[in-house]
Amino acid sequence: MYAVVRTGGKQYKVSEGDFLKVEKLEGAVGDTVELNEVLMVGGEKVTIGTPLVPSASVVGKIVEQGKDKKILVFKSKRRKTFRKLRGHRQLRTILKIEKINA
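Just so it is clear, the structure is predicted and the values come from calculations on it, not from any experiment. (Residues numbered from 1 in each chain as written. Predicted model: local features only at pLDDT ≥ 70, side-chain atom pairs only at ≥ 80, totals over all residues. Heavy atoms only, no water.)

Visitor: Which residues make up a nonpolar patch on the surface, and what values go with them?
Guide: Where nonpolar side chains cluster on the molecular surface, the patch consists of Leu72, Phe74 and Leu85 and spans about 350 Å² of accessible area. Take Phe74: it is sitting in strand S8 (residues 71-77). (Patch = residues over 30% accessible without salt bridge, like charges linked within 9 Å, V, L, I, M, F, W, Y side chains within 5 Å. Areas by Shrake-Rupley, 256 points an atom, 1.4 Å probe, with all protein chains shown as cover. Salt bridge = Lys/Arg side-chain N within 4 Å of Asp/Glu carboxyl O. Helix = DSSP H or I, 4+ residues; strand = E, 2+ residues; numbered from the N terminus.)

This is how it looks when you write it as structure tokens:
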């Protein structure tokens, strides 16, 4: 069984036992998180939401809270000696998907 969930403005296809790296969710390591925005549930019978599947949810456990790899943003303008270098590290949460409720 699999599901398509929406969190942090992105969509992810998940199955039970998968590890999922998403934008930061509130909670500490070991807490249980329930994702209620389920767009589709698949398996033997496929259910597609309009836009969400009613009474469907995905339960996951927070494995790690931290920061992602650094992304460098470089801007320059030719012939103007204008250069700007910025770095960004996105906060992220790693979830272990435990159960899909359909």
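The discussion continues.
Visitor: Summarise the sheet that holds strand S2 (residues 10-15); cite the residues concerned and give the values.
Guide: Reading across from one edge, S2-S1-S5-S6 is the order of the four strands in this open sheet, with antiparallel pairing throughout. In the strand order of this sheet, the two ends are held by S2 and strand S6 (47-48), each with one partner. Sheet topology places strand S1 (residues 2-7) next to S2; six bridges connect them, and they run antiparallel. Paired with Ala3 across the two strands is Val14, which belongs to S2. (Pairing = 2+ DSSP bridges.)

Visitor: I'd like a description of the sheet that holds strand S7 (residues 57-67), backed by residues and values.
Guide: Taking strand neighbours across the sheet as the criterion, the four strands line up as S3-S10-S7-S4 in an open arrangement whose pairing is antiparallel. Each edge of the sheet is formed by a strand with only one pairing partner; in this case those strands are strand S3 (19-23) and strand S4 (32-35). Pairwise comparison of adjacent strand axes, ignoring direction, gives a mean angle of 40° for this sheet. (Axes fitted to C-alpha atoms, helices over the stretch in contact; angles between N-to-C directions.)

Visitor: Can you break down the nonpolar core residue by residue, with the values?
Guide: Core analysis: the biggest nonpolar cluster contains 18 residues, and Val14, Leu35, Val38, Val58 and Leu95 have the highest contact counts within it. Elements that contribute at least two residues to this core include exactly S1, S2, S3, S4, strand S5 (38-42), S7 and strand S10 (91-101). With three residues, S10 is the largest single contributor of residues to this core. Ignoring sequence-local partners within four residues, the contact set of Leu95 consists of Asp18, Phe19, Leu20, Val22, Leu25, Val33, Leu35, Lys61, Ile62 and Val63. (Core = buried A, V, L, I, M, F, W, Y, C linked by side-chain atoms within 4.5 Å. Buried < 20%, exposed > 50% of the residue type's maximum accessible area, 1.4 Å probe, protein only. Contact = heavy atoms within 4.5 Å.)

Visitor: Could you give me a rundown of the pairing of S4, with the residues and numbers involved?
Guide: The alternating pattern of S4 places Val33 and Leu35 on a buried face and Thr32 and Glu34 on a face that is not buried. Here S4 runs beside S7; their pairing, made up of four bridges, is antiparallel. Paired with Val33 across the two strands is Gly60, which belongs to S7.

Visitor: Explain the pattern of salt bridges to me, and be specific about the residues and the numbers.
Guide: Throughout the structure, instances matching the rule amount to four salt bridges. Where Glu64 meets Arg92, a salt bridge forms, and the shortest distance between an N and an O atom there is 3.3 Å. Taken together, the residues span a long stretch of sequence, with Glu64 in strand S7 and Arg92 in strand S10 at a distance of 28 residues.

Visitor: Could you give an account of the environment of Lys99, naming the residues involved and the relevant values?
Guide: Tracing the chain through its elements places Lys99 in strand S10. Spatially, the C-alpha atom of Lys99 lies 9.8 Å from that of Met1, the residues being 98 residues apart in sequence. Setting aside chain neighbours within four positions, we find Lys99 in contact with Glu16, Ser57, Val58 and Val59.

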